[in-house]
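Descriptive analysis of the structure
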Amino acid sequence: MTTSKSVTEPIVADIAIVGGGLAGSLAAAVLARAGHRVALVDKRAVYPEEFRVEKIGGQQLDMIRRLGFIRGLENAGCLYDRVLNIREGKVVDVSVGQAYGLPYANLVAMARGQIPDPSSLVVDEVTAVSCSDDVQHLELASGQRVSARLVVLATGMAGVLGYKLGIRRRVLAERHSVSFGFTIARRNGGPFDFKALTCYGERTSDGVDYLSLFPVPAGMRANLFMFRDPTDPVMRDLRRDTEATLLRLLPGLQPYLGDFHVMDRVQNWVMDLSVVEGHLQPGVVLIGDAFQTNCPAAGTGVARLLVDVERLCTEYVPQWLKTAGMGTDKISQFYSDSDKVAADLQSLKMAHFRQALTSRNDISWDVRRRLHFLRRNISHRVDQMRPGWLAGFRSALRA
């Protein structure tokens with residue numbers, strides 16, 4: 001590991017990645033394992049505890065497996081394979097499929113642990129970046145310099161470096177959603193009667209999309225997703241009197257939780273939906289939240305991130321490095337990639353859908369909401385009576 005205390009000759013790399021969160025760390029591991037010289041620059045040697053991604057499942061696992069991280073995820077996360085879904089105290093259906101719960105810091109540590117050479121992590125802060133059709137240059141707070149053929153900005157929503165390059169962020173929906181994260185346990189120390197549980201909001205006026213409960217190494221993690229004004233007094237109530245406020249918003253939850261308490265600090269996050277503009281520039285590419293933010297309730301953020309990492313690091317970067325130059329003709333190939341474009345569009349589509357399904361109270365959306373949960377419940381009942389029949393029927397339709 002290179003630290004800011006030792007200023008040596010300029011670091012020369014094929015790819016310099018700025019930002020060592022999940023996107024940057026995964027990209028660094030994929031590229032380094034493919035034999036490319038990588039410099040991952042982040043100001044933190046150990047990523048701090050932050051409320052971000054805390055579960056991986058579904059198609060995300062397929063991408064994790066293709067990228068070669070599944071063993072690391074298995075070792076770091078808590079496996080669960082059934083989620084009980086409820087609304088108004090009644091079972092909607094049961095989701096079946098592998099998923100893993102773990103803190104975001106552990107997820108980042110897992111990704112960094114896959115980087116073959118620990119010295120690829122440069123613990124420092126980038127203060128300036130200059131890009132061209134040929135070689136890119138980074139200046140670090142320590143005085144160290146980095147030169148690389150390509151710069152990958154994986155800085156999340158922190159846009160200072162992008163701003164210096166003339167890249168701007170356009171907000172599509174300000175304060176689109178609010179998320180809360182905390183860990184719960186039963187007061188008697190006993191286990192809950194479910195592996196994982198999702199409780200959907202009951203009233204549109206509450207703005208509650210759903211509460212997701214799933215296992216992590218520290219216990220039962222709770223993620224609450226809402227579409228509501230972040231200045232509303234209920235936000236303060238959720239932080240100060242979490243147990244009572246949660247049951248007030250989701251009264252049907254009480255029989256499933258019993259006498260419970262919050263074990264740790266309640267964290268919350270307000271998310272804007274935004275995209276960047278002016279990003280097509282030589283020598284630099286943006287991935288993850290640095291390119292487009294997501295609605296946490298929609299659950300599309302990790303999928304988008306993984307698509308970015310997979311397409312950029314396994315398809316485009318290896319091709320680009322084979323020939324001279326790093327002009328916009330190369331960079332544009334990634335931004336116009338059909339898989340990436342589809343993932344970005346789907347993420348925005350699902351963000352608006354989740355908000356409407358949760359909060360819209362006109363007749364058309366009320367009917368749509370009722371039908372949404374009714375279809376799920378009917379499918380669940382059919383599957384209980386004839387296990388596997390519904391999955392087989394759907395497979396036949398797709399054939």
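**Considering the side chain of Arg-304**
By the element assignment, Arg-304 lies in helix H9 (residues 301–320). Here Arg-304 falls in the buried class, since its relative accessible area comes to 1%. For Arg-304, the side chain forms a polar contact with the main-chain oxygen of Gln-292, separated by 2.9 Å.

**Side note on the pairing of strand E14 (residues 219–226)**
Counting buried positions along E14 yields seven of eight residues, so the element is predominantly enclosed. In this structure, strand E11 (residues 168–186) lies alongside E14, joined through seven bridges in antiparallel fashion. Counted as the bridge partner of Ile-184 is Met-220 from E14. Bridge count for strand E13 (residues 208–216) against E14 is eight bridges, and the pairing is antiparallel. Bridge pairing in E14 places Phe-214 opposite Arg-221. Counting the residues in the hairpin turn of E13 and E14 gives two residues.

**A short note on the packing of H9 against helix H11 (residues 338–359)**
In the contact formed by H9 and H11, the axes pass within 9 Å of each other and the chain directions differ by 170°. With respect to their mutual orientation, H9 and H11 come out roughly antiparallel. For the pair H9 and H11, the contacting residues are Arg-304, Val-307, Asp-308 and Arg-311 in the first and Asp-339, Lys-340, Ala-343, Asp-344 and Ser-347 in the second. Its residues placed into classes, the contact of H9 with H11 shows two nonpolar, one polar and six charged.

**Details of the side chain of Arg-376**
For Arg-376, the position within the fold is in helix H12 (residues 363–385). In terms of polar contacts, Arg-376 uses its side chain to reach the side chain of Tyr-200, at 3.0 Å. Non-local contacts of Arg-376, meaning those with residues more than four positions away in its chain, are made with Asn-85, Val-92, Asp-93 and Tyr-200.

**Re the pairing of strand E5 (residues 78–87)**
In this structure, E5 lies alongside strand E6 (residues 90–101), joined through nine bridges in antiparallel fashion. Along E6, the bridge assignment pairs Val-83 with Ser-95. Relative to strand E12 (residues 197–200), E5 is paired through four bridges, and the arrangement is parallel. Paired with Asn-85 across the bridge in E12 is Thr-198.

**Considerations on the pattern of salt bridges**
Under the definition given, this model contains 30 salt bridges. The residue Glu-277 makes a salt bridge to Arg-170 at a minimum N-O spacing of 2.5 Å. One end of the pair, Glu-277, is in strand E16 (residues 267–277); the other, Arg-170, is in strand E11, and 107 residues separate them in sequence. Among the ionic pairs, Arg-187 bridges to Asp-259, the shortest N-O distance being 3.1 Å. In this pair, Arg-187 is assigned in the loop between E11 and E12 and Asp-259 in the loop between helix H8 (254–257) and strand E15 (260–262), connecting sequence segments 72 residues apart. The same class applies to Arg-187 and to Asp-259, which are both exposed. A cluster of three or more residues bridged by salt bridges with shared partners is formed by Asp-42, Arg-44, Glu-50, Arg-52 and Arg-112.

Rules used in this analysis
Residues numbered from 1 in each chain as written. Predicted model: local features only at pLDDT ≥ 70, side-chain atom pairs only at ≥ 80, totals over all residues. Heavy atoms only, no water. Helix = DSSP H or I, 4+ residues; strand = E, 2+ residues; numbered from the N terminus. Buried < 20%, exposed > 50% of the residue type's maximum accessible area, 1.4 Å probe, protein only. Polar contact = N/O pair within 3.5 Å; in protein donor to acceptor, adjacent residues only side chain to side chain. Pairing = 2+ DSSP bridges. Axes fitted to C-alpha atoms, helices over the stretch in contact; angles between N-to-C directions. Parallel < 35°, antiparallel > 145°, perpendicular 65-115°, else oblique. Contact = heavy atoms within 4.5 Å. Nonpolar A, V, L, I, M, F, W, Y, C, P; charged D, E, K, R; others polar. Salt bridge = Lys/Arg side-chain N within 4 Å of Asp/Glu carboxyl O.

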